[in-house]
Amino acid sequence: MSASPTSAPAAAPLGARRARLRAQLEEAVLPPIVALLIAALVGDILILTYGQSPGAVYRLLFEGTWGNAYGLGQVLYKATTLTFTGLSVAIGLRAGLFNIGAESQLAAGGFVAAVVGTLLPPGIPALVVLPLFLLAAAVGGGVVGGAAGVLKSRWGAHEVITTIMLNFIVLALLNYLTVAHFKVFDTLHTAEIRSGALPRLSAVIPAFHGSAANVVILLALIAVAIAWWYLFRSRAGYELRAAGLQPQAAEYGGVHVPGVWWRAMLISGAVAGIGGLNFVLGYKHYYEDGFSTGAGFLGIAVALVGRNNPVGVVLAALLFGTLSQGGLAVNALVPKQMVEVLQAVVIIAVATSVPEVRRLLRGARRSPDA
Amino acid sequence: MMFLAFLAQTIRISIPYLFASAGGVLSERSGLIALGLEGYMLTGAFCAAIGSYFGHNPWFGVLAGMAGGASFALLYALCSIRYKADQVVVGVAINLLAIGATRFFLKLLFHSSANSPRVPGFSVAETGSGIRALAHNPLIWLGALSIPAVAWVLYRTPFGLRVRAVGEHPGAALSVGVPVARVQWLAVAISGAIAGLGGAYLTLDQHQFSDQMTAGRGFIALAAIIFGRWDPPRIALACLLFAAAETFQIRLQGVAFVPAQFVEMIPYVLTIVALAGVVGRAVPPAALGKTNE
């Protein structure tokens, strides 16, 4: 205790800050790397059981995604939706809330936007009606997320359970509305929107021809920037993070925590809902039953791997978008379901290695002094 | 006759719910959220098809189904108890893993992306109300017994007392010498095996496995656990109630004064109502979900 190794007092803050930054970086980067290694190992085993060579399959996976413009376009399209659902989950987690309902919030946002689109007169420029669509999608998703938020803040119902239950309720309701009232005869989708369709990326870069990537990707990047500013630079975001880190301390510090809860769930739902525009405005121009399948749950994976950081979310969305598209690319050699296994393995491995890596790093840092 | 047929169908539908929620309540009472029930069931259903197909006997299917459900539960236990990973994340991933893995191995073993070939099962041709056919299926009896058995374990055995102590206050349990982690491992493993039986029932009743055949039944079982306030007798009633609503909807198809989708919503709406405490609050075990602290 008495004879502590001394460092120059002036240098201490800078050195400490750099060490802390390094520690944070290690904690953020190591778990995903460990997870990818484990996933690659599991992938090797699956590929070998199918009698194929792992090298050939992984090469095909890469060539079918980042190896050509069409594949890349598909990756970007999938990553766009995942960025929205990932941001949605990340915002909830920053407030200490687990939003498992991004799946139905995404669907509700897409549905409301599509219905609004069918009511518009034709021929209005897309940029003019875009704010209306943003509002419609945000309301659709926000109502579902906000409902879980109010159930939590007003009645103390746990958001994990209520968002799961709301997934089933909302998807059944949307299925009913689509089938009974809004579908085009003999299909499971609504009529096409009459105004507001957004151009695909292939309109600017012809090489993307045929892929679903569209300019909603720009909306996703704007959403990432706004989310970052909101979480780390605004007063409301500070309160949100405080409530997430230590609700009692936040309450003591003057934050009305139940208020933060329902607002966070409202925003979380709205962000997921806006993700529905990627499909409705950018790709098919209508709402189709089941278009959100899987994107909500993968949003949890994206937030987890991206460590609830908006920039991390983008990178993680690209990773999971690549895997999703990669499954189709390798289907000739191994069943595309292999990728579903790998995605789950990545989630489990990251969730498991985050606390473990943190513990190991702490141990490694402590041992030289001990 | 009408009534008997209604009853028979309600029982048939309720069996997977009874199995899965009997397993789930054991896990939840030990402090581990049973989000992976759907995954245990699906794996159980698939392994039951493998066991019955290659063993030429449905009882091999039963054993394989239990083993399949238990193996996924052990994976959950490893991540959340040993490595203190977040239970919700791992639970969600277990379900995704079960969907992907059963599809992959369906393709590998049976060269199909939809269903397995016909496997030996328990069901016999239905005559009349179908009650007699039910009585010939041993899994119906096991399913009906599963909840009383779990209730007996929870409330009448030392192991059950330990499970409840660990789920309410692990610190206190530890201080009087209860091996907390071991109790949780065991509770989770058994929960997976029982939920796996629920999946095996589906496969052996329909004589085949089909892709995603559990179709959300694990989540309905979770809903029944919460609506039943983590108490086995009430959970059994909840399972029967949900199954009766489903039967009602199937029987009224075509008459259609209520759309099917609204009947589907009943379990989930009731669960939210129970959690929100509109009529008597559903209070979970105190340490539920907190293995990572």
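Since the model is a prediction, treat every value here as computed from it, not as a measurement.

Q: Mind showing me how you'd approach the overall build of chain B here?
A: The helix and strand inventory of chain B stands at 12 helices and 0 strands. Listing each helix as α and each strand as β along chain B from the N terminus yields α-α-α-α-α-α-α-α-α-α-α-α. With the C-alpha coordinates of chain B rotated into their principal frame, the extents come out at 60 × 45 × 30 Å. For chain B, the proportion of its 293 residues judged to be buried stands at 56%.

Q: Mind showing me how you'd approach the overall build of chain A here?
A: Counting its regular elements, chain A contains 14 helices and 0 strands. Reading the helices (α) and strands (β) of chain A from amino to carboxyl end gives α-α-α-α-α-α-α-α-α-α-α-α-α-α. Principal axes of the C-alpha set define a box for chain A whose edges measure 80 × 60 × 35 Å. When burial is assessed residue by residue, chain A has 53% of its 370 residues classed as buried. Look at the contacts in chain A between residues 6 or more apart in sequence, and 79% of them connect residues 24 or more apart.

Q: Explain the interface of chain A and chain B to me, please; I cannot follow it from the model alone.
A: Often, the extent of an interface is quoted as the loss of accessible area on bringing the components together. If you look at the interface, chain A gives 37 residues, while chain B gives 35 residues. Of all the secondary-structure elements, those providing two or more residues to the side of chain A that touches chain B are helix 1 (12-49), helix 5 (126-155), helix 6 (159-182), helix 12 (295-305) and helix 14 (337-366) of chain A. Its residues placed into classes, the side of chain A that touches chain B shows 28 nonpolar, 7 polar and 2 charged.

Q: Explain the environment of Leu145 of chain B to me, please; I cannot follow it from the model alone.
A: All names here are of chain B. Relative to the assigned elements, Leu145 resides in helix 6 (residues 138-156). Note on Leu145: 13 C-beta atoms within 10 Å, which makes it partly exposed. Residues Leu145 and Phe105, spaced 40 residues apart in sequence, show a C-alpha to C-alpha distance of 32 Å.

Q: Can you walk me through the packing of helix 10 (residues 217-227) of chain B against helix 11 (residues 232-251) of chain B in this structure?
A: Residue and element names in this part refer to chain B. With their axes 8 Å apart at the nearest point, helix 10 and helix 11 run at an angle of 130° to one another. The angle between helix 10 and helix 11 falls in the class oblique. Seen from above, helix 10 lies across helix 11 with right-handed handedness. Between helix 10 and helix 11, the contacting residues are Ile220, Ala224, Ile225 and Phe227 on the first element and Ile235, Ala238, Cys239 and Phe242 on the second. A per-class count over the contact of helix 10 with helix 11 returns 8 nonpolar, no polar and no charged.

Reading the values: the criteria
Residues numbered from 1 in each chain as written. Chains lettered and ligands numbered in written order. Predicted model: local features only at pLDDT ≥ 70, side-chain atom pairs only at ≥ 80, totals over all residues. Helix = DSSP H or I, 4+ residues; strand = E, 2+ residues; numbered from the N terminus. Buried ≥ 20, exposed ≤ 12 C-beta atoms within 10 Å, placed from the backbone. Contact = placed C-beta atoms within 7 Å. Nonpolar A, V, L, I, M, F, W, Y, C, P; charged D, E, K, R; others polar. Axes fitted to C-alpha atoms, helices over the stretch in contact; angles between N-to-C directions. Parallel < 35°, antiparallel > 145°, perpendicular 65-115°, else oblique. Left-handed = near helix turned anticlockwise from the far one by under 90°.

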